[in-house]
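# Structure at a glance
Read off the chains here:
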Amino acid sequence: MRLAELSERSGVSIATIKYYLREGLLPPGRRVSATTADYDEGHLRRLRLVRAMIQVGQVPVARVREVLGHVDDESLGRTMRLGAALWALPHQPEAAGDKGGGDGGADGGGGDDGEDEATAAARAEVDQLLRTLGWSTARELGELSPVHRSLVAAVATLTRLGYAWDAELMAPYARLMHQVAVRDLDFVETFPTEAEKVETAVAATILFQPVLKALHRLAQEEESARRYGLE
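Residues numbered from 1 in each chain as written. Predicted model: local features only at pLDDT ≥ 70, side-chain atom pairs only at ≥ 80, totals over all residues. Heavy atoms only, no water.

## Comments concerning the pattern of salt bridges
Any two side chains of opposite charge can pair, so long as their charged atoms come close to each other. One pass over the full model with this rule turns up 15 salt bridges. The partner of R2 in a salt bridge is D38, with the nearest N and O atoms 3.1 Å apart. You can see R2 sitting in the segment before α1 (3-10) and its partner D38 sitting in strand β2 (residues 37-38), a full 36 residues away along the chain. Taking the relative accessible area as the measure of exposure, R2 reaches 43% and is therefore partly exposed. A relative accessible area of 18% places D38 in the buried class. Between R9 and E41 there is a salt bridge, with its nearest N and O atoms 2.8 Å apart. Note that R9 is positioned in helix α1 and E41 in helix α3 (residues 41-56), a separation of 32 residues in sequence. One connected set of salt bridges, linked through shared partners, spans R45, R46, D72, E196 and E199. (Salt bridge = Lys/Arg side-chain N within 4 Å of Asp/Glu carboxyl O. Helix = DSSP H or I, 4+ residues; strand = E, 2+ residues; numbered from the N terminus. Buried < 20%, exposed > 50% of the residue type's maximum accessible area, 1.4 Å probe, protein only.)

See the structure below:
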């Protein structure tokens, strides 16, 4: 398809598509003349992913470029390719003393000078949780993972506010989320190529989270009405 058709099918303006091309967020089309290029379904799929990251996920362009670099890295196996792409997405604020841990600043343990008691306690509870669940990969990665650091920060915040979310309380939630992850990857595996699988996983992370959040709140409303009535 030509650029005009790509714009029409995607709903993205020609000017914006040209900007994405200049920024390296969209691969160049197949050149058919000095001034004309041809685009295919892969460009349309990538364009939708870029728009999802920027519009829905509010991901900065530089971070989008980083994520896509991992998506396109054929030297990595599927697990590493997917993990690297998802790690590159923005995460929740991390605990004091943990920032920069993914860049080699953390040694995998607690006790950083800037760390408070709540953070140390949260880290211990998260480690116990992962032991209880048998999530060995998550335990091995530990502080290297921005997701792990975000979880520690969230649990530490709850602890400071007087809500002691320990491993025992978190375990049932974690098991439910593992069921969600199974469904996520079952859906990802319906796509034929490695690139499509990783692209879909990234898009799902951004687009499905608002759905899961809304379903969680609807479920709370429904359970509240069942337990306490509507009065």
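Now that the structure has been shown, we can carry on.
## Remarks on helix α10 (residues 194-228)
For α10, with 35 residues, the first-to-last C-alpha span of 48 Å sits near the 51 Å given by 1.5 Å per residue. Along α10, the helix axis deviates most sharply at F208, where the bend reaches about 35°; the proline P210 sits within four residues downstream. Structurally, α10 contributes buried residues whose contacts are with α3, α4 (61-71), α5 (78-88) and α9 (167-188). Following α10 by one or two positions, G229 adopts a phi angle in the positive range, close to 80°. (Expected span 1.5 Å × (residues − 1). Bend = angle between axes of the 7 residues up to and from the residue. Contact = heavy atoms within 4.5 Å.)

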